[in-house]
Amino acid sequence: MSVTVRVPAKVNVQLAVGAARPDGFHDLANVFLAVGLYDEVTVTPAAELRVTCEGPDAHQVPLDRTNLAARAAVELAARRGIEPAVHIHIAKDIPVAGGMAGGSADGAGALLACDALWGTGASRAELLALCAELGSDVPFSLVGGAALGVGRGERLTALELGGTFHWVFAMAGRGLSTPAVFREFDRLAEGRDIPAPVASPDLLEALAKGDPDALASAVSNDLQPAALSLFPELADTLAAGRAAGALTALLSGSGPTTAFLARDAGSAEKVAEALRASGTCRSVRTAAGPVPGATVI
Ligand SMILES: C[C@@](CO)(OP(=O)(O)O)[C@H](O)COP(=O)(O)OP(=O)(O)OC[C@H]1O[C@@H](n2ccc(N)nc2=O)[C@H](O)[C@@H]1O
Ligand SMILES: Nc1ncnc2c1ncn2[C@@H]1O[C@H](COP(=O)(O)OP(=O)(O)O)[C@@H](O)[C@H]1O
């Protein structure tokens, strides 16, 4: 018997970052949108814990116990006093180290899959608490849709959206480390007063209305200057998408994946074609959101 869970990627339509906290994390106002690019996590009983991965970026995924999916299985098993005796297979379509929460998706997916496989019957609240221990983005991978995350980004309030938004994502030739981007944010912020992060009322209204033009005017990502400082060529990708008619262009999370909002599915395809031809990125995908979070299939 196996259980498979499908988990979406995310884009951050607002990422407001506060000053570094004593614990090294940053308070955020993090507005997440789950988009239709998915990893699938399958768990099967096995003699001992084992992780395998397939997909274009599979060679970059750790297969030891640092894999977030393995950590999820180990944590859930420890809480139930059982052995994490599963083979976890990840069919990976979310870019690795791309700012789209692929590792978080696999953590949330493995947790939900092991819960179903082992019949542990964890409550939603227990699953969410376990997700928050695994990483700041993991609770959102479980719930999906759209949500405002505060604290480290793990304390979520669901947002009702008035429509579907169409996106183009350009994957970069190399990854960016999330901690390195936050460190660069701190370096660039030295000597400046960093205001407490708050969600933009205009952005929340644009989401509620499902209005892509209003959303395009309201998106923001405080990590973008830090990521561009570490990876200046990303400015060329952002410029190519804007020139191709995207309503707006921004970095997804800590990057280096760049995200382009389009008015509809047809315009998204046109922007995607132009980005492919631009030679400024490794690959290009289109995806719409919101979509549901981790789901047993
Ligand atoms: C930036 C964001 C935006 O959604 O996403 P990605 O770009 O990584 O996808 C997230 O905040 C990433 O969340 P996640 O990848 O789960 O990070 P974690 O494992 O919790 O933390 C990794 C490291 O990032 C930094 N970190 C993370 C979250 C936060 N609120 N403040 C931080 O300073 C810390 O250096 C921490 O040690
Ligand atoms: N299941 C996983 N998939 C991808 N990366 C993982 C996974 N588990 C751990 N990692 C590690 O986490 C790092 C960040 O990966 P990822 O979650 O894809 O990016 P991001 O945090 O930018 O969204 C990777 O470089 C890798 O070392």
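Bear in mind the structure is a predicted one, so any value in this text is a computation, not a measurement.

Another aspect to go through is the nonpolar core. Core analysis: the biggest nonpolar cluster contains 100 residues, and W167 and V168 have the highest contact counts within it. Looking at which element gives the most residues to this core, the answer is strand β2 (residues 26-45), with 11 residues. Per-domain counts for this core show at least three residues from each of domain 1 (3-159) and domain 2 (165-289). Ignoring sequence-local partners within four residues, the contact set of W167 consists of V11, V35, A259, F260, L261, A262, A268, T286, A287, A288 and G289.

The 4 strands are arranged β9-β10-β7-β11 in an open sheet whose pairing can be described as antiparallel. The sheet terminates laterally at β9 (248-251) and β11 (283-289), the two strands that pair on one side only. Within the sheet, the average angular offset between the axes of one strand and its neighbour, ignoring direction, is 25°. Relative to β11, strand β7 (residues 165-171) is paired through 7 bridges, and the arrangement is antiparallel. By the bridge assignment, H166 is partnered in β11 with A288.

With respect to spatial proximity, 20 residues lie near ligand 1, and among them G135, S136, D137, G253 and S254 are the closest. At the level of elements, β1 (3-20), β2 and α5 (178-189) are the ones that each hand at least two residues to the shell around ligand 1. When the residues that make up the shell around ligand 1 are grouped by side-chain class, the tally is 6 nonpolar, 12 polar and 2 charged. The residues that make up the shell around ligand 1 include at least three from each of domain 1 (3-159) and domain 2 (165-289).

Near ligand 2 you find 21 residues, and of these L68, A97, G102, G103 and D106 are the closest. For the shell around ligand 2, the elements supplying multiple residues, two or more each, are α1 (68-80) and α2 (102-118). Ranked by the residues each element gives to the shell around ligand 2, the list is headed by α2, at 4 residues. Within the shell around ligand 2, the residues separate by chemical class into 9 nonpolar, 11 polar and 1 charged. When residues of the shell around ligand 2 are sorted by domain, at least three fall in each of domain 1 (3-159) and domain 2 (165-289).

On to the UniProt feature "domain: GHMP kinase N-terminal" (unreviewed entry) in the protein chain. When the UniProt feature table is mapped onto this chain, "domain: GHMP kinase N-terminal" (unreviewed entry) is found at residues 67-145. Taken end to end, residues 67-145 has its terminal C-alpha atoms 25 Å apart, with 59% of it in helix and 8% in strand.

Quick look at the UniProt feature "binding site: ATP" (unreviewed entry) in the protein chain now. UniProt records the feature "binding site: ATP" (unreviewed entry) for P95, V96, A97, G98, G99, M100, A101, G102, G103, S104 and A105 in the present numbering. Mapped onto the secondary structure, V96 falls in the loop between β4 (86-91) and α2. Beyond its immediate chain neighbours, meaning those up to four positions away, V96 contacts D57, Q60, V61, G102 and G175. Position of G103 among the secondary structure elements: in helix α2. You can call G103 buried: it has 27 C-beta atoms within 10 Å.

With that settled, consider α5. With 12 residues, α5 extends 17 Å between its outermost C-alpha atoms, agreeing within 8% with the 16 Å of an ideal straight helix rising 1.5 Å per residue. For α5, every residue scored as buried is listed here: T178, V181, E184 and F185. Looking down the long axis of α5, one finds its buried residues gathered within 120° of arc, a one-sided arrangement. Exposed residues on α5 whose side chains face more than 90 degrees from its buried face are P179 and R187. Of the surrounding elements, those touching the buried residues of α5 are β1 and α8 (224-230).

Rules used throughout
- Residues numbered from 1 in each chain as written.
- Chains lettered and ligands numbered in written order.
- Predicted model: local features only at pLDDT ≥ 70, side-chain atom pairs only at ≥ 80, totals over all residues.
- Core = buried A, V, L, I, M, F, W, Y, C linked by C-beta atoms within 7 Å.
- Buried ≥ 20, exposed ≤ 12 C-beta atoms within 10 Å, placed from the backbone.
- Helix = DSSP H or I, 4+ residues; strand = E, 2+ residues; numbered from the N terminus.
- Domains from an automatic or database assignment.
- Contact = placed C-beta atoms within 7 Å.
- Pairing = 2+ DSSP bridges.
- Axes fitted to C-alpha atoms, helices over the stretch in contact; angles between N-to-C directions.
- Near = placed C-beta within 6 Å.
- Nonpolar A, V, L, I, M, F, W, Y, C, P; charged D, E, K, R; others polar.
- UniProt positions renumbered as here; feature names shortened; annotations may be inferred.
- Expected span 1.5 Å × (residues − 1).
- Arc of directions from axis to C-beta.

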